[in-house]
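# Observations on chain architecture
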Amino acid sequence: MLEIKNLHVKLEEEDKAILKGVDLTVEAGKVHAVMGPNGSGKSTLSYVLAGREGYEVTEGTATLDGEDILGMEPEERAAAGLFLAFQYPVEIPGVGNMTFLRTAVNAQRKARGEEEMNSTEFLKTIRARAKELDIDAEMLKRGVNSGFSGGEKKRNEILQMAMLEPRMCILDETDSGLDVDAMKLVAQGVNKLRDAGRGFLVITHYQRLLDHIVPDVVHIMAGGRIVKSGGPELALEVEKNGYADIVEEVA
Ligand code: ADP
Ligand code: MG
Ligand code: MG
């Protein structure tokens, strides 16, 4: 479903290569985890896939269901079914969380040629999803992420994901800044969305999230490349020995 081939990315502003030949394929129905030391390029990979400005693809391809996504505008990528939960979710004061979600859901539906969600159905759905993530009604009324704690922002990202039902979900360090209980809620939210038609790329620095979201495949990223891939046991190896051994072994 998501196919990344030999992806090279540099910063637009300076001649600094960050991704140096990433190869990664996520099949429908699978959860792939990407782990790696700080600064290895994990967030950059997610930004480039989502279409954030400031990066230049110098080589390679990324396709979703065979369609080139790198040439698309960010909103076209979203319409194609790509979703990114940010490591640092932005605050949008003045734009109500509820209004934002309703607009996003209906834009998504329109892009898919589906009917809009009416307000009754929308309210019913969002209340149920919010409850599962322990997000109260007051948080839904506030500006998007406005004054939310770190943990609330991360849960709100998962709420967006649950409402949008994307085909390909990318989560960038959604576990960072979460206590164990909040992390379990987030993991439950993700697990509920696991489906034969949906793929996940779960980026995490720590293994602990993968106790709750058990991945099918684990990749280790270092120096802008995937240097090793394996099953869930690879995450446990990292937990035990750190990244140094693997990075050294590959070098
Ligand atoms: P990770 O998410 O694995 O911690 P990042 O993708 O955030 O890694 O960063 C990879 C490398 O690229 C780091 O060395 C980081 O400092 C650098 N980098 C990423 N984006 C920028 C930017 N906009 N300006 C300067 N350096 C950047
Ligand atoms: Mg980092
Ligand atoms: Mg990062």
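Scroll up to find the structure this text is about.
One numbering rule holds for all chains: residues counted from 1, following each sequence as written. For naming, the first written chain is A and the first written ligand is 1, with later ones following in the order written. The predicted nature of this model means local features are confined to residues of pLDDT at least 70 and side-chain atom pairs, given and counted, to a pLDDT of 80 or more, with totals for whole chains, interfaces and linings taken over all residues.

## Comments concerning the sheet that holds strand β4 (residues 55-64)
So the rule is basically this: Should DSSP find at least two bridges between two strands, the strands are regarded as paired. Where helices and strands are cited, they refer to DSSP runs of H or I of at least four residues and of E of at least two residues respectively, numbered from the N terminus. Note on contacts: each residue gets a C-beta atom placed from the backbone, and two residues are in contact if those atoms are within 7 Å. Axes, fitted as lines to C-alpha atoms, cover a helix only where it is in contact. Angles between the N-to-C directions of the axes lie from 0 to 180 degrees.
The antiparallel open sheet is built from 4 strands, whose spatial order is β2-β1-β4-β5. In this open sheet, the two strands that pair with only one neighbour each are β2 (17-26) and β5 (67-68). For strand β1 (residues 2-11) and β4, the ladder comprises 8 bridges, and the chain directions are antiparallel. Bridging from a neighbouring strand, Lys5 pairs with Thr61 of β4. Relative to β4, helix α1 (residues 42-50) is tilted by about 70°, and along the sheet it contacts β1, β2 and β4.

## Looking at the sheet that holds strand β11 (residues 217-222)
Read across the sheet, 6 strands follow the order β6-β9-β10-β3-β11-β12 without closing on themselves; strand pairing throughout is mixed. The open sheet has two edge strands with one neighbour each: β6 (82-85) and β12 (225-230). Ignoring strand direction, the axes of neighbouring strands in this sheet form an average angle of 20°. Looking at chain direction, strand β9 (residues 168-172) and strand β10 (residues 199-203) are connected through 5 bridges and run parallel. Bridge pairing links Met168 to Gly199 in β10. Sheet strands touched by α1: β3 (31-35), β6, β9, β10 and β11. Its angle to β9, the strand with the most contacts, is close to 145°.

## A few points about helix α3 (residues 97-111)
Short version of the rule: Take the residue count of a helix, subtract one, and multiply by 1.5 Å to get its expected span. Residues with at least 20 neighbouring C-beta atoms inside 10 Å of their own are called buried, those with 12 or fewer are called exposed, and the rest are partly exposed, where every C-beta is derived from the backbone. Here the arc refers to the set of directions running from the helix axis out to each C-beta atom.
Given a rise of 1.5 Å per residue, 15 residues ought to cover 21 Å, and the 21 Å separating the end C-alpha atoms of α3 matches this to within 8%. Listed in full, the buried residues belonging to α3 are Asn97, Leu101 and Gln108. All buried residues of α3 project into a common sector of 35° when viewed along the axis, lining one side. Along α3, exposed side chains directed more than 90 degrees from the buried face belong to Thr103 and Lys110. In this fold, the buried residues of α3 make contact with α2 (74-79), β7 (92-96), α4 (119-132), α5 (137-141), β8 (143-144) and α6 (150-164).

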